[in-house]
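Observations on the model geometry
Spelled out, the chains give:
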Amino acid sequence: MVPPREFAARFEAYGEWRKRLASGITALHEWLKRQDLADAQVDLKVQQLLTRLHQDRLVVAFVAEFSRGKSELINAIFFADFGQRLLPSTAGRTTMCPTELLYDATRPPSIRLLPIETRLKDATVQDFMNFADEWVTFPLDLAAAGRMSEELARISQVKRVPAALARALGMHDDEPAVIPRGADGEADVEVPCWRHAIINFPHPLLQQGLVVLDTPGLNAIGTEPELTLSLLPSAHAVLYVLAADTGVTRTDLDVWNRHLAGEDATQKAGRIVILNKIDGLWDELRPAADVDAEIDRQIAAAAAQLGLPASQVYAVSAQKGLLAKVNGDDALLAKSRLPALEEALSGKLIPAKHRIVGAATKAEVGALVEGVSALLERRRAGIAEQLGELRALRGKNQDVVEHMMDRVREEKAVFERGLQRFTALRTVFTQQTNALFDVIGLEALRANAARTRKGIERSPFTKGMRVAMSEFFAAIRRDLDDAARRSVEIHELMEAMYVRFAAEQGIERFTPPPFSMLKYQKEIDRLERAYNEHFNTLWNMLSNAKFGLTKRFFETVATRVKHVYDVANRDVESWLRATMSPLETQVREHHLQLRRRLESVKRIHRASNELEERIGELEQQDEALAAQVAALQRSVEVVAGIVEEPGALPAAANA
Ligand SMILES: Nc1nc2c(ncn2[C@@H]2O[C@H](COP(=O)(O)OP(=O)(O)OP(=O)(O)O)[C@@H](O)[C@H]2O)c(=O)[nH]1
Ligand SMILES: [Mg+2]
């Protein structure tokens, strides 16, 4: 049997693989540059590919009602080699704000905290990311473990504020800790000090792109829409934690239904449910088999209640697992059942990620190389044509050469007339693309969002909000439909042009790819559905609608929509480039070839001994081109070889 590989080890192997892949691509790029085959387009594509490989992240989120042991599990799975409890984990509510653990090499190790008061402003956590001055930063001293855990304890900080402020922050109704005070009879309310925390920590796993998201128990999940609309959906894995001592409670089910159940069967299949704290069932006085049977019963009960197969529920003891790892106690580690969970995590998650990244990289390198090989092939075809012409001249007299010169001149004249048409086409193309960008540009979205904000302000209650929001989404749909129509028009124009240039100029036929807006339309639909669902639960949860919360809710939705627009704009841009640039390149190459042909015929016309010399030159050029094609093929195979490497997939053999 293959010994189970821990999550950590497998994730490290995945990181190493990404590095090898990046250096393979860099080598290919270097070669292209040396051969003078890398134009701006190629440079840009390679840059994007490398950035994506470098920044590739794997986001694992932990969600549960409070005190189920999320933070303890994170400590045990990812950070046990730290030798102590990294994240605070205590009875009662501990983690008071969503906490991301990641590593960003451009910053010193630190904990960055976004004050809870930022909830009073119309901006999401994502928006605040760009404003360093809004965050409070504390450096982490990696050499002093004690001091470090003191700094990290800040994610548990709470404070008392007047009830009115708590209400404005959107944190009153469901906050049980009410401390009577003050002459006006209004009670003070305990609220978290921070809205969001980012722990920047150079742990090897985080350095390789792992991002762990720890969340607070139910109450903060309910009131920070961003978590449910954006952070959780973008996580690669969401681990849902139950505790054996409580079983599945009503609030556990609430969290599950609201944030995790989802309509999507594939989504459900990806869920991992953890039944934590099984050490509470351990009993020295009972036979081990009895205890195991009890654990199995609890697993079956939990699975039935969540509507999942029992195979997706993992029973563990986070606390004993952490202790066992810190003390190197293998027997206790096995008893904690933590390795089985880690095996499931790494066995599912990392190979899936590996496959997706590998396939995407391979496809992009393939597209890149295809463009370059097409160029090389066209050059070879040009040389073959010239060789044919020149070989036919062997033993012919001056008249024939003159006649041929006339013919090339004529071709050149035809081409130059075509060039005028090409310039005219460029103008139309630019006009049409500008119109397209007007429709899906950020300006249009900004105007739409401003209208919606006004609408919500005018009528900040359920009905007003609903009307404003449905108008917001309707306007987006109109824009996307309009953009879809325009992209079809551009596609038709370009298709006709390629046909025409092929007929008139002998330029190679090329069918430009169509563009589909469907992806963005679907994403907008998904957002609207998610918005509707969360809006309803939000409204049921809050007895009186809070204006600040409503607005913040809208800003979260708007940020997500802006992201969709950003991606759409980027995609449209590269689509337009892909549509136009083959024509540009071919026109340029064609022009060059005609000039060369004319020059060589002129040379031969001047002196007849030039003929053999020129044929020899062309033959050499052809050989050089053939060698380039072969070398290119080899470089591609190197990259493809790295993609296929089984290195990061040790379980593939026994999967
Ligand atoms: N017996 C036992 N206790 C555990 C286990 N895991 C966590 N605990 C305890 O349960 C309590 C809550 O653990 P946390 O890690 O703070 O729980 P959490 O889910 O992060 O809770 P919040 O941060 O408040 O949302 C702490 O006192 C832990 O020591 C376990 O496996 N066994
Ligand atoms: Mg916690």
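Our subject is the structure listed above.
Overview of the structure. Owing to the predicted nature of the structure, the values given are computational and were not obtained by experimental measurement.

**Digging into the overall build of the protein chain**
- Counting its regular elements, the protein chain contains 21 helices and twelve strands.
- Dimensions along the principal axes, computed over C-alpha positions, put the protein chain at roughly 110 × 65 × 45 Å.
- Put simply, 81% of the contacts in the protein chain that link residues at least 6 apart link residues at least 24 apart.
- When the accessible surface of the protein chain is split by element, carbon and sulfur atoms take 54% of a total near 30600 Å².
- Of the charged side chains in the protein chain, 85 are positive and 91 negative; the average position of the first set lies 2 Å away from that of the second.

**Considerations on the site of ligand 1**
- Not every one of the 22 residues close to ligand 1 is listed here, only the nearest: Ser67, Lys70, Thr94, Thr95 and Asp279.
- Within the side chain of serine 89, one N or O atom sits 2.9 Å away from an oxygen atom of ligand 1.
- At a separation of 3.0 Å, an oxygen atom of ligand 1 approaches a polar side-chain atom of lysine 277.
- Taking 650 Å² as the accessible area of ligand 1 by itself, protein coverage stands at 90%.
- If you list the elements that add at least two residues to the shell around ligand 1, you get helix H3 (70-78) and helix H13 (318-327).
- In terms of residue count, H3 provides more of the shell around ligand 1 than any other element does, three residues in total.
- Among the residues forming the shell around ligand 1, the class breakdown is four nonpolar, twelve polar and six charged.

**Observations regarding the sheet that holds strand S12 (residues 313-315)**
- Strand order in this open sheet of nine strands is S4-S3-S8-S2-S9-S1-S10-S11-S12, and the pairing throughout is mixed. At either end of the open sheet lies a strand with only one pairing partner, and these are strand S4 (136-139) and S12. Direction aside, neighbouring strands of the sheet carry axes that sit 20° apart on average.
- Here strand S3 (residues 110-115) pairs with S4 via four bridges, running antiparallel. From the neighbouring strand, serine 110 faces S4, where its bridge partner is proline 139.

**Some words on the pattern of salt bridges**
- Scanning all chains against the criterion turns up 41 salt bridges.
- Two residues, glutamate 385 and arginine 597, come together in a salt bridge whose shortest N-O distance is 3.8 Å. Of this pair, glutamate 385 sits in helix H15 (residues 338-392) while arginine 597 sits in helix H20 (residues 547-606); the two residues are 212 residues apart in sequence, bridging distant segments of the chain.
- Across the salt bridge formed by aspartate 566 and lysine 562, the nearest N and O atoms sit 3.0 Å from each other. With aspartate 566 and lysine 562 both in helix H20 and four residues apart, this pair spans about one turn of that helix.
- On the basis of relative accessibility, which here comes to 27%, the residue aspartate 566 falls in the partly exposed class.
- Relative accessible area serves as the criterion here: at 36%, lysine 562 is assigned to the partly exposed category.
- A single salt-bridge network, built from bridges that share partners, covers Glu385, Glu389, Arg407, Glu411 and Arg597.

**Considering the coordination of the magnesium ion (ligand 2)**
- Around the magnesium ion (ligand 2), the protein contributes the donor atoms Ser71 (OG) and Thr95 (OG1), which lie 2.0 to 2.1 Å from the metal centre. Residue serine 71 is located in helix H3, and its partner threonine 95 is located in the loop between H3 and strand S2 (99-102); the two are separated by 24 residues in the primary sequence. Accessibility assignment for this pair places serine 71 and threonine 95 in one class, buried.

**Structural notes on the environment of tyrosine 103**
- Tracing the backbone through its elements, the reader meets tyrosine 103 in the loop between S2 and S3.
- Relative accessible area serves as the criterion here: at 25%, tyrosine 103 is assigned to the partly exposed category.
- Residues tyrosine 103 and glutamine 208 lie 105 residues apart in sequence; the distance between their C-alpha atoms is 8.2 Å.
- With near-sequence residues (within four places) excluded, tyrosine 103 lies in contact with Asn200, Phe201, Pro202, Leu206 and Gln207.

**Brief notes about the packing of helix H2 (residues 40-55) against H15**
- The interhelical angle for the contact between H2 and H15, taken along N-to-C directions, is 170°, at an axis separation of 11 Å. Considering their axes alone, H2 and H15 lie roughly antiparallel with respect to each other. For the pair formed by H2 and H15, the contact residues are Val42, Lys45, Val46, Leu49, Arg52 and Leu53 on the first element and Val357, Thr361, Glu364, Val365, Leu368 and Val372 on the second.
- When the residues that make up the contact of H2 with H15 are grouped by side-chain class, the tally is eight nonpolar, one polar and three charged.

**Focus on the nonpolar core**
- Ranked by internal contacts, the top residues of the largest apolar core, which has 131 residues, are Phe62, Leu73, Phe78 and Leu210.
- With 16 residues, the top contributor of residues to this core is H15.
- Every residue in contact with phenylalanine 78, bar those within four places of it in the chain, is listed here: Phe7, Val60, Phe62, His203, Leu205, Leu210 and Val212.
- Counting 49 residues, the second-largest nonpolar core is a separate cluster that includes Phe472, Leu527, Ala530 and Val557.

**Here we look at the environment of alanine 166**
- Structurally, alanine 166 can be placed in helix H6 (residues 163-168).
- Look at alanine 166 and you get buried, because its relative accessible area is 0%.
- Residues alanine 166 and valine 189, 23 residues apart in the sequence, show an inter-C-alpha distance of 6.6 Å.

**Structural notes on a negative patch on the surface**
- Taken together, the side chains of Asp399, Glu402, Asp406 and Glu410 make up a negatively charged region of the molecular surface.
- Among the structural elements, aspartate 406 can be located in helix H16 (residues 398-440).
- Its relative accessible area of 46% is what places aspartate 406 among the partly exposed residues.

**Overview of the pairing of strand S9 (residues 210-214)**
- Taking burial as the measure, the five residues of S9 include five buried ones, the bulk of the element.
- Every second residue of S9 is oriented toward a common face, with Leu210, Val212 and Asp214 on one face and Val211 and Leu213 on the other, all of them buried.
- Where strand S1 (residues 58-63) meets S9, five bridges bridge the pair, whose relative direction is parallel. Looking across to S9, one finds that valine 60 is bridged to valine 212.

**A few points about the side chain of histidine 29**
- Checked against the element boundaries, histidine 29 lands in helix H1 (residues 7-34).
- Not counting the four nearest positions on each side in its chain, histidine 29 is found in contact with Ala38, Val42, Asp43 and Val46.

**Some words on helix H5 (residues 145-152)**
- Those residues of H5 lying buried are Met148, Glu151 and Leu152. What you see down the axis of H5 is that its buried residues fit within an arc of 95°, all on one side.
- Structurally, H5 contributes buried residues whose contacts are with S3, S4 and strand S8 (194-200).

What counts and what doesn't
- Residues numbered from 1 in each chain as written.
- Chains lettered and ligands numbered in written order.
- Predicted model: local features only at pLDDT ≥ 70, side-chain atom pairs only at ≥ 80, totals over all residues.
- Heavy atoms only, no water.
- Helix = DSSP H or I, 4+ residues; strand = E, 2+ residues; numbered from the N terminus.
- Contact = heavy atoms within 4.5 Å.
- Areas by Shrake-Rupley, 256 points an atom, 1.4 Å probe, with all protein chains shown as cover.
- Lys, Arg positive; Asp, Glu negative; His and termini not counted.
- Charge placed at Lys NZ, Arg CZ, Asp CG, Glu CD.
- Near = heavy atom within 4 Å.
- Polar contact = N/O pair within 3.5 Å; in protein donor to acceptor, adjacent residues only side chain to side chain.
- Nonpolar A, V, L, I, M, F, W, Y, C, P; charged D, E, K, R; others polar.
- Pairing = 2+ DSSP bridges.
- Axes fitted to C-alpha atoms, helices over the stretch in contact; angles between N-to-C directions.
- Salt bridge = Lys/Arg side-chain N within 4 Å of Asp/Glu carboxyl O.
- Buried < 20%, exposed > 50% of the residue type's maximum accessible area, 1.4 Å probe, protein only.
- Donors = N, O, S within 2.8 Å, 3.2 Å for Na, K, Ca; no water.
- Parallel < 35°, antiparallel > 145°, perpendicular 65-115°, else oblique.
- Core = buried A, V, L, I, M, F, W, Y, C linked by side-chain atoms within 4.5 Å.
- Patch = residues over 30% accessible without salt bridge, like charges linked within 9 Å, V, L, I, M, F, W, Y side chains within 5 Å.
- Arc of directions from axis to C-beta.

Purely spatial values, then, with no claim about function.
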